[in-house]
Amino acid sequence: MNKITNIETQKRNEERVNIYIDNEFAFACYKEIVYKECLKKDMEVELERLRKIIEEEEFLKCKNSALRIVEKTYKTEKEMIDKLLQKGYEGIIIEKTIAFLKEYNFLNDEKYSLMYARDKSKIQGKNKIKYSLMKKGIDKDTIENTLESMDNSVEEETAYNLAIKKYRILSKKENDKYKLNQKLIRFLLGKGYDYGLIKSVIKKVTNEEVEANYE
C-alpha cells in the first residue's frame, strides 16, 4: 500500500489539486474527485487502483468539457488541444478525449478546413485563408487539398467586387493614378490575393471606371 502525503491546491486553477504519494508527485485531478473518493492526507491507498479511478473520472470530465466546447463552435484538433490544456487536463487524458471526438466526428480537420475556406472566400483570398488554417494547426496536405478545391472564378469575382468598392472610395480622395493603384494593390495583398490576380483585377477595374467616366 502507498500513502497520500499531501493534497495541494494548484495555484493557477483552484478547482484542481496535486496529489503526492509517498512524498512524490503522483498526479493532478479535480477537487470533486478528491471529495467523491474521500481522499485525504495520510490515507493509505492502492496506487494503481487510485490512478485508474482518477484517470477515468478525469477522462469523463475532459470529454464533457470538450463536448461543451464543440456545442458552441467547431474547432480544429490543435484548437481543442490548446483549450483542454488551458483547462488543466493532462496529455494522456487529452489524447483519449481527442480520439473519442474524432471517432464520433466531433473533430474533423478536413471538414473544418473546407467549411472555413468556403466561408472566408467571400471576403479573403487563398493566401490569407492558407495562413489562417496553418495557425489553426491544419496540416499542409489538407490545406493544399482545400485550396485546390476552391473555385478560382469565385476568388476572382470576390477580389473584383472588393477592388471596385475600394477604388470608388479611394478615387474620391486620390487623383494620382499610380498612388491609387498602389493603395489598391496593398489592400488586396492584405486580403490574401496573389499578385498576378491583383494585377488582372485592378486593370479590369480601372479600365471600366475610366470608360464609365467618358460615357
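Everything in this summary refers to the structure shown in the same document. (Residues numbered from 1 in each chain as written. Predicted model: local features only at pLDDT ≥ 70, side-chain atom pairs only at ≥ 80, totals over all residues. Heavy atoms only, no water.)

Let us now look at the side chain of K136. Summarising the element assignment, K136 is placed in the loop between α6 (126-135) and α7 (140-149). A polar contact of 3.1 Å, which involves the side chain of K136, links it to the side chain of Y112. (Helix = DSSP H or I, 4+ residues; strand = E, 2+ residues; numbered from the N terminus. Polar contact = N/O pair within 3.5 Å; in protein donor to acceptor, adjacent residues only side chain to side chain.)

The subject of this paragraph is the side chain of K63. Looking at the element boundaries, K63 is found in helix α2 (residues 47-72). Nearest to the buried, unbridged K63 among oppositely charged side chains is E56, at 7.7 Å. With residues near it in sequence (within four places) discarded, K63 still touches T97 and F100. (Buried < 20%, exposed > 50% of the residue type's maximum accessible area, 1.4 Å probe, protein only. Lys, Arg positive; Asp, Glu negative; His and termini not counted. Salt bridge = Lys/Arg side-chain N within 4 Å of Asp/Glu carboxyl O. Contact = heavy atoms within 4.5 Å.)

Moving on to the packing of α2 against helix α3 (residues 77-86). The axes of two packed helices give the description: the angle between them and the distance between them. One way to put it is that α2 packs onto α3 with a least axis distance of 11 Å and a crossing angle of 125 degrees. Considering their axes alone, α2 and α3 lie oblique with respect to each other. Crossing angle aside, the handedness with which α2 passes α3 is right-handed. In contact with C62, S65, A66, I69 and V70 of α2, α3 contributes M80, K83 and L84. The residue inventory of the contact of α2 with α3, partitioned by class, reads six nonpolar, one polar and one charged. (Axes fitted to C-alpha atoms, helices over the stretch in contact; angles between N-to-C directions. Parallel < 35°, antiparallel > 145°, perpendicular 65-115°, else oblique. Left-handed = near helix turned anticlockwise from the far one by under 90°. Nonpolar A, V, L, I, M, F, W, Y, C, P; charged D, E, K, R; others polar.)

Glancing now at the layout of surface pockets. Space inside the largest pocket adds up to approximately 250 Å³. For the largest pocket, the lining is made up of 14 residues, of which S65, R68, I69, K87 and Y89 are closest to its centre. The element best represented in the lining of the largest pocket is α2, accounting for six residues. Residues of the lining of the largest pocket, tallied by class, amount to three nonpolar, four polar and seven charged. (1 Å grid on protein atoms, 1.4 Å probe; cavity = no way out; pocket = protein on both sides within 12 Å on 5 of 7 lines; lining within 4 Å. Points joined across faces, edges and corners; volume = space filled by probe spheres on them.)

Turning our attention to the sheet that holds strand β4 (residues 44-45). One open sheet accounts for four strands, arranged β3-β2-β1-β4; its pairing is antiparallel. This sheet does not close on itself; its edge strands, each paired only once, are β3 (24-30) and β4. With six bridges joining them, strand β2 (residues 16-21) and β3 adopt antiparallel strand pairing. Its bridge partner lying in β3, R16 is registered against Y30. Where α2 meets the sheet, its contacts fall on β1 (2-9), β2, β3 and β4, and the angle it forms with β3 comes to roughly 35 degrees. (Pairing = 2+ DSSP bridges.)

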